[in-house]
Amino acid sequence: MGIKVCKFGGSSLADASQIAKAVDIVKADSDRQFVVPSAPGKRNKEDQKITDLLYLCHAHAQQGISFDDVFELICNRYKGIVAELGLDLDMTDHLEKVKADIAAGASADYAASRGEFLNGPIVAAALGFAFVDPAQVIFFDKKGKFDSEKTQDVLSKKLAEVGNAVVPGFFGAMPDGTIKTFSRGGSDITGAIVARAAGADVYENWTDVSGLLKTDPRIVDNPMTIATITYKELRELAYMGASVMHEEAIFPVRKAGIPINIRNTNAPDDAGTMIISDSDTSGKLESITGIAGRKDFTVIYVEKALMNSEVGFGRKLLEVLEENQISFEHMPSGIDTTSVVIANSQLEGKLDDVLKDIKHVCKPDSVSVYENMALIATVGRGMNHIVGISGRLFGALGKAKVNVRMIDQGSSEMNIIIGVEGDDFENAIKAIYAEFVG
Ligand code: ASP
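The shown structure was predicted, so the numbers you read here are calculated from the model rather than taken from an experiment.

Engineer: Even after reading the chapter, I still don't get the packing of helix H2 (residues 50–62) against helix H3 (residues 68–85), so can you show me in this structure?
Structural biologist: Packed helices, taken two at a time, are described by the angle their axes make and the gap between the axes. Where H2 meets H3, the axes come as close as 9 Å, and the angle between the chain directions of the two elements is 150 degrees. Here H3 runs roughly antiparallel to H2, going by the angle between their axes. Between H2 and H3 lies a crossing whose hand is left-handed. Here Ile50, Leu53, Leu54, Leu56, Cys57 and His60 of H2 come into contact with H3, specifically with Val70, Phe71, Leu73, Ile74, Arg77 and Tyr78.

Structure, rendered in structure tokens:
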């Protein structure tokens, strides 16, 4: 017997029938002792998330505009869910208090957090689990930074005491007791914190997809699901644009060596994706795990004869970036050339100054700029064990007539990053996917 912590996202709890599915999932396995719900999300594309409605109530209240109508929508959602589930639960007092608090000037964080807070008693009643208010067990410090030690201490004791519990996601308390939320999507973080405090064997993150896909479904039709991925690989893919779960949710469980299992509430028999420890070498090594990429990078090429023997050249170049408050992504270099790859968003309105400063500080022979670069990362922990991966990669790109403008194999040896022209982005991803996945 082990302990499983289940976080259910907004789409998994959007209405009574979705909540009923979540309840069935939890009840199907007695190891599923702790549940972290999000607020009810969208029931369809046109629908509104409860969290967004609460932010709207807050904004109206701040401007002295009536938010009765918006709050009515919120009341109807919760009351409808309770009635449809046939629960013996009256939400009226809870709802009235939230409305009065918002009208009295409660903070945006308080307002937004009520989406999860109000869903907690409903999910707890449906499961017959205890309800634990995160304000009592999840803490931030004076500066608003998550207080991991205090939380671990208090929360682990509380969970051991209650046995089975529902701990709503997304928020905790400041030292003075006021409510603070994590950033948007932050229920994932609560799930990870609860998993660590419970000493869980697995953190199940239930959502509306059967795991992570090997690449972007907007580019490749029906890409395969990734069966297992390490935390490091996930970081690389997420950094390159793959949308997974909240970035900060990885750290608490990674530290505790707890795997995350991404699962689909609407297809509970699918195994989903297992996110495993970096040192876990079990299982079949595939040549590549996933492909992700981002468009809109600029490359600044700097050329200077005998650059390689000029002490401090690299420092000077990077200092120019630092002084202009610009972070860079890559720095592929040759003997007499060096280049920096920078996200366009970093350079907005600054390119001319940067070029002027480079000319002044580095005294190069020439500087040129290419503004339409896309980066694609092909990630796989199997890469450093399997011979011929890069040969196949570049062969496939050549066949697809994609001009590779930059190559960078991450020092981890599990990531080959290529730079291609923005217009070749989709074709390049399709070609790499076809070569390695089929
Ligand atoms: N309800 C919050 C949001 O919409 C947190 C979450 O769902 O994870 O951002």
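Picking up after the structure, the text goes on.
Engineer: How should I be thinking about the packing of aromatic side chains in this particular structure?
Structural biologist: The geometry of an aromatic ring pair is captured by the separation of the ring centres together with the interplanar angle, meaning the angle of the planes. This structure, assessed with the given rule, holds six aromatic pairs. For the ring pair Phe8 and Trp206, a centre distance of 6.0 Å and an interplane angle of 20 degrees mean the geometry is stacked. Here Phe8 is found in strand S1 (residues 4–8), whereas its partner Trp206 is found in strand S7 (residues 202–207), with 198 residues between them in sequence. When sorted by exposure, Phe8 lands in the same class as Trp206, which is buried. A ring pair is formed by Phe67 and Phe71, whose centres lie 6.2 Å apart and whose planes are at 75 degrees; its orientation type is edge-to-face. Each member of the pair, Phe67 as well as Phe71, carries the same accessibility label: buried. Put simply, the rings of Phe140, Phe146 and Phe182 touch in pairs and so form one group of aromatic residues. The ring centre of Phe117 lies 4.1 Å from the NZ or CZ of Arg114, which sits over that ring. The ring of Phe139 carries the charged tip of Lys150 above its face, separated from the ring centre by 4.2 Å.

Engineer: Honestly, the packing of helix H11 (residues 313–323) against helix H13 (residues 351–362) in this entry has me stumped. Any pointers?
Structural biologist: The geometry of H11 relative to H13 is characterised by a closest axis approach of 9 Å and an angle of 150 degrees between their N-to-C directions. Between H11 and H13, the interaxial angle falls into the category roughly antiparallel. Where H11 crosses over H13, the handedness of that crossing is right-handed. Between H11 and H13, the contacting residues are Phe313, Lys316, Leu317, Val320 and Leu321 on the first element and Val354, Asp357, Ile358, Val361 and Cys362 on the second. Taken together, the residues of the contact of H11 with H13 sort by class into eight nonpolar, no polar and two charged.

Engineer: Which parts of the structure should I look at to understand the nonpolar core?
Structural biologist: As a rule of thumb, soluble globular proteins bury nonpolar side chains together. Of all hydrophobic cores here, the largest spans 50 residues; its most connected members are Val5 and Tyr203. Counting residues per element, this core draws most heavily on helix H8 (residues 187–198), at seven residues. One finds Ile25, Ile102, Leu118 and Ala124 within the second-largest nonpolar core, a separate group that totals 44 residues.

Engineer: So what exactly am I meant to see when it comes to the sheet that holds strand S4 (residues 165–166) here?
Structural biologist: The pairing of strands in a sheet comes from backbone hydrogen bonds and takes either a parallel or an antiparallel form. Across the sheet, eight strands lie side by side as S3-S4-S2-S1-S7-S9-S10-S8; this open sheet has mixed pairing. Two strands in the sheet have a free side with no partner beyond their single neighbour: strand S3 (130–131) and strand S8 (228–230). As paired elements, S1 and strand S2 (residues 32–37) share five bridges and run parallel to each other. If you follow Lys7 over to S2, its bridge partner there is Val36. In the packing of helix H5 (residues 108–127) onto the sheet, contacts are made with S2, S3 and S4, and the angle to S2 comes to roughly 150 degrees. Of the strands in this sheet, S8, strand S9 (260–264) and strand S10 (273–276) touch helix H9 (residues 231–239), which is tilted by about 85 degrees from S8.

Engineer: Could you clarify how one ought to interpret the site of the ligand in this entry?
Structural biologist: In the vicinity of the ligand, the contacting residues are Ser38, Lys49, Thr51, Glu116, Phe170, Arg184, Gly185, Gly186 and Ser187. Between Gly185 and the ligand, the recorded distance is 2.8 Å, taken from a backbone N or O atom to an oxygen atom. About the coverage of the ligand: the protein hides 94% of its 260 Å² of free accessible area. Here the shell around the ligand is composed, by residue class, of one nonpolar, five polar and three charged.

Engineer: Which parts of the structure should I look at to understand the sheet that holds strand S12 (residues 337–343)?
Structural biologist: The five strands are arranged S12-S11-S13-S15-S14 in an open sheet whose pairing can be described as antiparallel. With one partner strand each, in any of the chains shown, S12 and strand S14 (404–409) form the two edges of the open sheet. Between one strand axis and the next, the sheet turns by 35 degrees as a mean value, whatever way the strands run. Pairing of strand S13 (residues 366–379) with strand S15 (residues 415–421), which is carried by seven bridges, proceeds in the antiparallel orientation. What sits directly across from Ala374, in S15, is Val420.

What counts, and where the lines are drawn
- Residues numbered from 1 in each chain as written.
- Predicted model: local features only at pLDDT ≥ 70, side-chain atom pairs only at ≥ 80, totals over all residues.
- Heavy atoms only, no water.
- Axes fitted to C-alpha atoms, helices over the stretch in contact; angles between N-to-C directions.
- Helix = DSSP H or I, 4+ residues; strand = E, 2+ residues; numbered from the N terminus.
- Parallel < 35°, antiparallel > 145°, perpendicular 65-115°, else oblique.
- Left-handed = near helix turned anticlockwise from the far one by under 90°.
- Contact = heavy atoms within 4.5 Å.
- Phe/Tyr/Trp six-rings, centres within 6.5 Å; stacked < 30°, edge-to-face > 60°.
- Buried < 20%, exposed > 50% of the residue type's maximum accessible area, 1.4 Å probe, protein only.
- Lys NZ or Arg CZ within 6 Å of the ring centre and 35° of its normal.
- Nonpolar A, V, L, I, M, F, W, Y, C, P; charged D, E, K, R; others polar.
- Core = buried A, V, L, I, M, F, W, Y, C linked by side-chain atoms within 4.5 Å.
- Pairing = 2+ DSSP bridges.
- Near = heavy atom within 4 Å.
- Polar contact = N/O pair within 3.5 Å; in protein donor to acceptor, adjacent residues only side chain to side chain.
- Areas by Shrake-Rupley, 256 points an atom, 1.4 Å probe, with all protein chains shown as cover.

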